[in-house]
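Inside the fold
The chain contents come next:
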Amino acid sequence: MSADQLALWYLVAAVSFILALKGLSSPPTARRGNYFGVAGMAIAVAVTLALIYSHSKSVLPIVGGMVVGGVIGAFVARRVQMTQMPELVAAMHSLVGLAAVFIAIAAVNNPEAMGLHTPITGLHKAELFIGTFIGAITFSGSVIAFGKLAGLGKHFRLFSSAPVVFKGQHWLNLALGFMAEQSEWPPFIIMTALAFLLGFLLIIPIGGADMPVVISMLNSYSGWAAAGIGFSLDNPMLIVAGSLVGSSGAILSYIMCKAMNRSFVSVILGGFGGETAAVAETEQKTVRSGSPDDAAFLLSNADTVIIVPGYGLAVARAQHAVKELATKLTQKGVTVKYAIHPVAGRMPGHMNVLLAEAEVPYDQVFEMEDINSEFPQADVALILGANDVVNPLAEQKGSPIYGMPIIEAHKARTVLVNKRSMASGYAGIDNPLFYMDKTMMVFGDAKKVVEDLVKAVE
Amino acid sequence: MTAGVDPIVFYLTIFVLAIFVGYHVIWNVTPALHTPLMSLTNAISSIILVGAMLAAGSETLDWGGWLGVLAVALVSINTFGGFLVTQRMLGMFKKKEPKPGDKE
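These remarks concern the structure in this document.

What counts as what
- Residues numbered from 1 in each chain as written.
- Chains lettered and ligands numbered in written order.
- Predicted model: local features only at pLDDT ≥ 70, side-chain atom pairs only at ≥ 80, totals over all residues.
- Heavy atoms only, no water.
- Helix = DSSP H or I, 4+ residues; strand = E, 2+ residues; numbered from the N terminus.
- Buried < 20%, exposed > 50% of the residue type's maximum accessible area, 1.4 Å probe, protein only.
- Areas by Shrake-Rupley, 256 points an atom, 1.4 Å probe, with all protein chains shown as cover.
- Contact = heavy atoms within 4.5 Å.
- Buried area = accessible area lost by both parts, 1.4 Å probe.
- Polar contact = N/O pair within 3.5 Å; in protein donor to acceptor, adjacent residues only side chain to side chain.
- Nonpolar A, V, L, I, M, F, W, Y, C, P; charged D, E, K, R; others polar.
- Salt bridge = Lys/Arg side-chain N within 4 Å of Asp/Glu carboxyl O.
- Pairing = 2+ DSSP bridges.
- Axes fitted to C-alpha atoms, helices over the stretch in contact; angles between N-to-C directions.
- Phe/Tyr/Trp six-rings, centres within 6.5 Å; stacked < 30°, edge-to-face > 60°.

A word on the overall build of chain B. The number of helices and strands found in chain B is four helices and zero strands. For chain B, buried positions account for 57% of its 104 residues. Accessible surface computed for chain B: about 4800 Å², of which carbon and sulfur atoms make up 69%.

Here we come to the overall build of chain A. Each helix and strand in chain A was counted, giving 16 helices and six strands. Out of the 458 residues in chain A, the part that is buried amounts to 55%. Just so you have it, chain A exposes about 19100 Å², and 62% of that area is on carbon and sulfur atoms.

Contacts between chain B and chain A engage 81 residues on the former and 104 residues on the latter. In total, about 8100 Å² of surface goes out of reach between chain B and chain A, with carbon and sulfur atoms giving 77% of it. Joining chain B to chain A, the criterion identifies 14 residue pairs in polar contact (both at pLDDT 80 or more). Sorting elements by how many residues they give to the side of chain B that touches chain A places helix α4 (residues 63-92) of chain B first, with 27 residues. When its residues are assigned to classes, the side of chain B that touches chain A shows 51 nonpolar, 22 polar and eight charged.

Residues and elements named next belong to chain A. Scanning all chains against the criterion turns up five salt bridges over all chains. As a salt-bridge pair, Lys455 and Asp452 come within 4.0 Å of each other at their nearest N and O atoms. A residue pair is termed a helical-turn pair when its members lie 3 or 4 positions apart in one helix, as Lys455 and Asp452 do in helix α16 (residues 446-457) at three residues. Connected through shared salt-bridge partners, Lys448, Asp452 and Lys455 make up one network.

So, on to the side chain of Ser243 of chain A. With respect to the helices and strands, the residue Ser243 of chain A is situated in helix α9 (residues 236-260). Polar side-chain contacts of Ser243 of chain A include one of 2.5 Å to the backbone oxygen of Ile239 of chain A. With residues up to four places along the chain from it excluded, the contact list for Ser243 of chain A reads Trp224 and Ala227 of chain A together with Phe15, Ala18 and Ile19 of chain B.

Attention now moves to the sheet that holds strand β1 (residues 304-309) of chain A. Backbone-to-backbone hydrogen bonds join strands into a sheet, with any given pair of strands oriented parallel or antiparallel. Residues and elements named next belong to chain A. On the basis of which strands lie adjacent, the open sheet formed by six strands has the order β3-β2-β1-β4-β5-β6 and parallel pairing. Only two strands of the sheet have a single neighbouring strand rather than two, namely β3 (365-367) and β6 (439-443). Within this sheet the neighbouring strands show an average axis-to-axis angle of 25°, counted without direction. As defined by bridge partners, β1 adjoins strand β4 (residues 380-384) across five bridges and the pair is classed as parallel. Looking at β4, one finds that Pro309 is bridged to Leu384. The sheet contacts of helix α11 (residues 292-300) involve β1, β4, β5 (414-419) and β6, and relative to β6 the element is tilted by about 135°. Across the face of the sheet, helix α13 (residues 319-331) comes into contact with β1, β2 (335-340) and β4 while running at roughly 145° to β2.

What follows concerns unusual backbone geometry. All names here are of chain A. Not every positive phi belongs to a glycine, and Asp234 is a case in point at roughly 55°. Among the structural elements, Asp234 can be located in the loop between α8 (211-232) and α9. The exposure class of Asp234 is partly exposed, given its relative accessible area of 31%. A positive phi angle, near 65°, is found at Glu359, a position not held by glycine. Here Glu359 lies in the loop between α14 (350-357) and β3.

Residue and element names in this part refer to chain A. Inspection of the secondary structure assignment puts Ala3 in helix α1 (residues 3-23). Residue class for Ala3 comes out exposed when judged on its relative accessible area of 60%. For the pair Ala3 and Leu51, spaced 48 residues apart in the sequence, the C-alpha separation amounts to 9.2 Å.

Scanning the entire structure with this criterion turns up five aromatic pairs over all chains. Seen from their ring centres, Phe139 of chain A and Phe196 of chain A are 5.5 Å apart, and the 80° between their planes marks the pair as edge-to-face. With Phe139 of chain A in helix α5 (residues 122-149) and Phe196 of chain A in helix α7 (residues 187-203), this residue pair connects regions lying 57 residues apart in the sequence. Between the aromatic rings of Trp224 of chain A and Phe15 of chain B, the centroid separation amounts to 6.0 Å while the plane-to-plane angle is 70°, which identifies the pairing as edge-to-face. Separated into two different chains, Trp224 of chain A in helix α8 and Phe15 of chain B in helix α1 (residues 7-27) make up a pair that spans both. Given a relative accessible area of 22%, Trp224 of chain A falls into the partly exposed group.

Residues and elements named next belong to chain A. Counting buried positions over the six residues of β5 gives six, a clear majority of the element. Of the two faces of β5, the one holding Thr414, Leu416 and Asn418 and the one holding Val415, Val417 and Lys419 are both buried throughout. Bridge count for β5 against β6 is five bridges, and the pairing is parallel. Bridge pairing links Leu416 to Met440 in β6.

All right, on to the environment of Ser253 of chain A then. Residues and elements named next belong to chain A. As for its position among the elements, Ser253 is in helix α9. Here Ser253 is in contact with Val213, Ser216, Met217 and Phe264, once residues within four sequence places are set aside. Side-chain polar atoms of Ser253 contact the backbone nitrogen of Met217, separated by 3.4 Å. Separated by 2.7 Å, the side chain of Ser253 and the backbone oxygen of Gly249 make a polar contact.

All names here are of chain A. Mapped onto the elements of the fold, Lys328 is located in helix α13. In the structure, Lys328 is positioned 277 residues away from Leu51 in sequence and 59 Å away in space, judged by C-alpha atoms. Leave out the neighbours within four places in its chain, and Lys328 touches Val454, Val457 and Glu458.

Quick look at the structure:
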């Protein structure tokens, strides 16, 4: 195969990746999009394999490696639970990062095999460095993120979901960043080691609440790492695919930051998300609490009900019960809709997947901006395991969460809130929604309460 | 006109244009599919499999080559796992209530 043919096939693959992402613009086209992605990958792998075969005939180790990895990957993909998606994605990012480092080391060891000149030119060296650097940060950062998400903090303090910060850490980070930039020799090893360390230190101080941003950011890094390797190997397809992934992750980080009303810098500097409710006002306010039967009565007599699910719902594994409740209500002629806040889950779009898994039709599920205008006409807003994202304090100047976009559940005629206790959410502040006259609290485990609601609605 | 231009300039051109394409395509992705988007982009970033294959495909398989093989195995987890889990998730997004008689 000529170099031109190879490049053209790579172009086809790159275009397939663009079409794959384009497919995700709506659920009906999404599966076709995924097929485009598979096709692009298959083409890229096939022509590369053909190229290697024509050079060295040594394809068996490659195929062997692919089979081993493929079997593991397929197994994991089948077995993983949807609540574990954030961990899975973090783990996979770390693999891309690590592989980028390995490739770069292999390229330094034997440049000719990768189609590079020996000795490697200064420019290629710099490109390899960048690729490795980002790859190493992606790896170690993702490992920490994975540990935090998987709740390994009980066993290793390093993985504690609370921010781990030590004195002067940010200065150390800065110094490491500088050293990594400056060092000339022995460049490769030192730089890679520093980048690994930097990745650890970068993610360790970030708390559990900021994980959606962290995952998106590492998603972006893994893309830039691929693009960096693409530059060093003179491979435009890698550059295109890497940039697509890189910009995707960057946009998702931006969306998540905006939804949490946090600046990207403050997330990276860390230290948030672990503070416990230190300044809970002790002023006695009365809440109206009711039984599931009272709540069921309100629900069955409503015309429109908007369900606001939070991560607490997923933790209690109550999605299926909620779906059952919605079906019952629909049969009684009640219009049921779901309102999803961008940070309702542990990663972007997580709640949508969790609801989809419970067979909630996606045309009943609405994004925050699309449904907020409907709350004033809604009879009941049913809030399940959500807190900060429905806190009307966000509209009040001077409150710690002022400016954060919220689901305007407080505008509904009646508000039903299910919570386990009156404990405050991640932001550690009280929620006036719970004390409003039109609010009724139903305390208890989300799954138990929703199941009781289902029975009571009969 | 392009004679004498360093290839890096072309790559830079491709890089910048690809970022623009990415920017516009990604903003069009519906927020409901952001999790599948992440797993799909994750699968796509395993395109560095190509680099790993080149490293693993050298004629004499020295330690660097074996490192490449290891990289191939690691990234293949992503390639296969990423696309399969995306497929699995997308399969869950259904529009209508499934009819009682329907079987998956």
